[in-house]
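Residues per chain are reported as follows:
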Amino acid sequence: LWTVSVINRYERDRGRAERDLANARERLAFALEGSRSAAWDWDLARNEVYLSAGWQQMLGGEGREATLAPAALLDLVHPEDVGRVQAAIKGALTGVTADYREEHRVRRADGAWIWILSRGRVVLRDDKGGALRITGINQDVTERKNIELALREHDLQLQLALATAGMVRWDWDVAADEFVWPEDPWRLAGPAPREGYSGLQDMVHPEDLVHFIRTLNQAAQTGEAYKDGYRVTRTDGTIVWVSARGY
């Protein structure tokens, strides 16, 4: 009788735990609805991953919950991203990293590729520290990634145009009063010295320095476009005239 009682209690506790888990998943799925996100829960002992309905919607299918093998999910990852994803997961499972976080591409049902941000954390380990369960969220970040890639392409085109025209970009951090060279300024400043390039203000010819600072400060204070012409002493000692523009 005692054995039967223990078994019955175990079954009741297990059933209650499974119902609590189902309720928690339902609440999370509701919270994620409309956010282009999906919850996932990987049970390593069973070698299966639960995915909320948002995952199928993200891939262009019907909004249904699913349980898949990890290998099936990995097959959806872009070949160029697989190695990085595997390394990130291994780091989280072994405890090398606190959390799992990776941006990568996955294949939709129609064959198109989308970008997702996948985040997770190991929530259960055995007595030896082995991971038993890892839970997380996948979020569709395709729109943001497309904007980032477009900006990167625009920046590359700008660098090419500047190089063709013999121009150099510079940034002035007004609060810190620091000049930054976004690209190598050799076309303007000359060959790079061993200690690195100094700030633009240190290259301005001494006779033009006061005018240079006054004009730059005036543009910063008024918000008007900056326009000036002055001489610069290059690292090889030659002096060149510079036409500068800024906003």
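Residues numbered from 1 in each chain as written. Predicted model: local features only at pLDDT ≥ 70, side-chain atom pairs only at ≥ 80, totals over all residues. Heavy atoms only, no water.

(A) Inspection of the packing of aromatic side chains at higher detail. The final tally for this structure, using the stated rule, is 2 aromatic pairs. Between the aromatic rings of Trp40 and Tyr100, the centroid separation amounts to 6.2 Å while the plane-to-plane angle is 75 degrees, which identifies the pairing as edge-to-face. Within this pair, whereas Trp40 is found in strand β1 (residues 37–43), its partner Tyr100 is found in strand β4 (residues 100–107), the two being separated by 60 residues in sequence. A cation over a ring is seen here: Lys145 above Trp115, with NZ or CZ 4.4 Å from the ring centre. (Phe/Tyr/Trp six-rings, centres within 6.5 Å; stacked < 30°, edge-to-face > 60°. Helix = DSSP H or I, 4+ residues; strand = E, 2+ residues; numbered from the N terminus. Lys NZ or Arg CZ within 6 Å of the ring centre and 35° of its normal.)

(B) View of the sheet that holds strand β5 (residues 113–125). Read from one edge of the open sheet, 6 strands run β3-β2-β1-β6-β5-β4, paired in antiparallel fashion. Each edge of the sheet is formed by a strand with only one pairing partner; in this case those strands are β3 (66–68) and β4. Taken pair by pair, the neighbouring strands of this sheet meet at an average axis angle of 25 degrees, ignoring direction. Looking at chain direction, β4 and β5 are connected through 8 bridges and run antiparallel. (Pairing = 2+ DSSP bridges. Axes fitted to C-alpha atoms, helices over the stretch in contact; angles between N-to-C directions.)

(C) Representation of the nonpolar core in the model. Counting residues in each nonpolar core, the largest one holds 23 residues, and the members touching the most others are Trp40, Trp55, Tyr100, Val106 and Ile134. Taken together, the elements giving at least two residues each to this core come down to β1, β2 (48–51), α2 (53–58), α4 (82–94), β4, β5 and β6 (131–140). With 5 residues, the top contributor of residues to this core is α4. The residues touching Trp55, leaving out its near neighbours within four places in the chain, are Ala38, Leu73, Leu76, Val106, Ile116 and Asn138. Counting residues in hydrophobic clusters, the runner-up holds 13 residues, among them Leu188, Met203, Leu216 and Ala244. (Core = buried A, V, L, I, M, F, W, Y, C linked by side-chain atoms within 4.5 Å. Buried < 20%, exposed > 50% of the residue type's maximum accessible area, 1.4 Å probe, protein only. Contact = heavy atoms within 4.5 Å.)

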